[in-house]
Amino acid sequence: MKPSTAIVALVAQLACVALVFSLQRWLSPGSSNGLPFVVGSILGTQLGALTHARRVDAQNTPGVKATLGVTLAAGAALGGFALHRTLAPFEHPEITVGISVLGSAVFPFVLFNQMWRAVRGAR
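This section reports on the structure supplied with the text. Values in this document were obtained by computation on a predicted structure and should not be read as measured data.

### Notes on the nonpolar core
Here's step 1: Residues Ala9, Ala49, Ala53, Ala58, Val64, Leu68, Leu72, Phe112, Met115, Trp116 and Val119 constitute the largest nonpolar core, which totals 11 residues.
Here's step 2: Those elements that place two or more of their residues in this core are helix 2 (35-53), helix 3 (62-87) and helix 4 (93-121).
Here's step 3: At four residues, the largest contribution of residues to this core is made by helix 4.
Here's step 4: Counting residues in each nonpolar core, the second largest holds seven residues, with Phe21, Phe37, Phe90 and Val97 among its members.

Written out as structure tokens, the structure reads:
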């Protein structure tokens, strides 16, 4: 996986987290949950898989999924820390952010193949 693909996935994840978090706070003020991280990680995984699968020499390997998972997990950790440091929205940040990091690392192993088949099957 090219570093640019990982960066695209990371930027998409963090932008989606910010958007969903903002909507969540606007619609339901108060303590937030990990939903923004779930949505952000799904988007990051799918966009990372799409970007990677469009390369001619791309391979669908566990290493590619692990690279994407580590990238998204780091994004969830940094995004969760930054959100909590600036706004303190989580009642139990160690649980919310911790589960978000773990989920972000696992999503590529669960969702990557769907986008891979959609892109590669269309060729």
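### Concerning a nonpolar patch on the surface
Here's step 1: Taken together, the side chains of Leu19, Leu23, Trp26 and Leu27 define a hydrophobic patch exposed on the protein surface, amounting to about 500 Å² of accessible area.
Here's step 2: As for its position among the elements, tryptophan 26 is in helix 1 (residues 3-27).
Here's step 3: Residue tryptophan 26 is classed as exposed on the basis of its relative accessible area, which comes to 66%.

Procedures and definitions
Residues numbered from 1 in each chain as written. Predicted model: local features only at pLDDT ≥ 70, side-chain atom pairs only at ≥ 80, totals over all residues. Heavy atoms only, no water. Core = buried A, V, L, I, M, F, W, Y, C linked by side-chain atoms within 4.5 Å. Buried < 20%, exposed > 50% of the residue type's maximum accessible area, 1.4 Å probe, protein only. Helix = DSSP H or I, 4+ residues; strand = E, 2+ residues; numbered from the N terminus. Patch = residues over 30% accessible without salt bridge, like charges linked within 9 Å, V, L, I, M, F, W, Y side chains within 5 Å. Areas by Shrake-Rupley, 256 points an atom, 1.4 Å probe, with all protein chains shown as cover. Salt bridge = Lys/Arg side-chain N within 4 Å of Asp/Glu carboxyl O.

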